[in-house]
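# An overview of the molecular structure
Each chain is listed here by its residues.
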Amino acid sequence: VQLQAFGGGLVQAGGSLRLSCAASGRTFSRFHMGWFRQAPGKEREFVTAISGNGASTYYRDSVKDRFTISRDNAKSTLYLQMNSLKPEDTAVYYCAARGSPYSDNLRNSATYDYWGQGTLVTVSS
């Protein structure tokens, strides 16, 4: 599956952005999906994930109640709604897909099979 993330940009602290990740090539609903991010000089980290049917979601503690992951399987698109953004949210955001039917350990980037190219989110203070 090919993934293309977009929607990043520059926003002031407290603002909102919505990222999208368009998938093509295979049946989107078969893939568990995740968002990861990498800030300058830091390792890539888990942000949030969603199961193939959208029934289960997972978040890192620092984005709970601010970020919402969702998917539209009919449109083969993954979304990340980000509200109340903080300067520490500044990073390149990547979407990723896991082809395995198992949904365990979706927080681990090594368990994903496909990655998008990333989209930069910059939050100014």
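Further up the page is the structure itself.
Anyway, here's the lowdown on the structure attached to this text. (Residues numbered from 1 in each chain as written. Predicted model: local features only at pLDDT ≥ 70, side-chain atom pairs only at ≥ 80, totals over all residues. Heavy atoms only, no water.)

Let us look at the side chain of Arg 37. Tracing the chain through its elements places Arg 37 in strand E4 (residues 32–38). At 2.7 Å, the side chain of Arg 37 forms a polar contact with the side chain of Glu 45. Only 2.9 Å separates the side chain of Arg 37 from the side chain of Tyr 93, close enough to count as a polar contact. (Helix = DSSP H or I, 4+ residues; strand = E, 2+ residues; numbered from the N terminus. Polar contact = N/O pair within 3.5 Å; in protein donor to acceptor, adjacent residues only side chain to side chain.)

A word on unusual backbone geometry. Of note, Asp 65 is a non-glycine position whose phi angle comes to about 70 degrees, a positive value. Turning to its location among the elements, Asp 65 is positioned in the loop between strand E6 (57–59) and strand E7 (67–72). Residue Asp 65 is classed as exposed on the basis of its relative accessible area, which comes to 84%. Look at Ser 84: it is not a glycine, yet its phi comes out positive at around 50 degrees. Mapped onto the elements of the fold, Ser 84 is located in the loop between strand E8 (77–82) and strand E9 (91–98). Its relative accessible area of 41% is what places Ser 84 among the partly exposed residues. (Buried < 20%, exposed > 50% of the residue type's maximum accessible area, 1.4 Å probe, protein only.)

The values are spatial; any link to function lies outside them.
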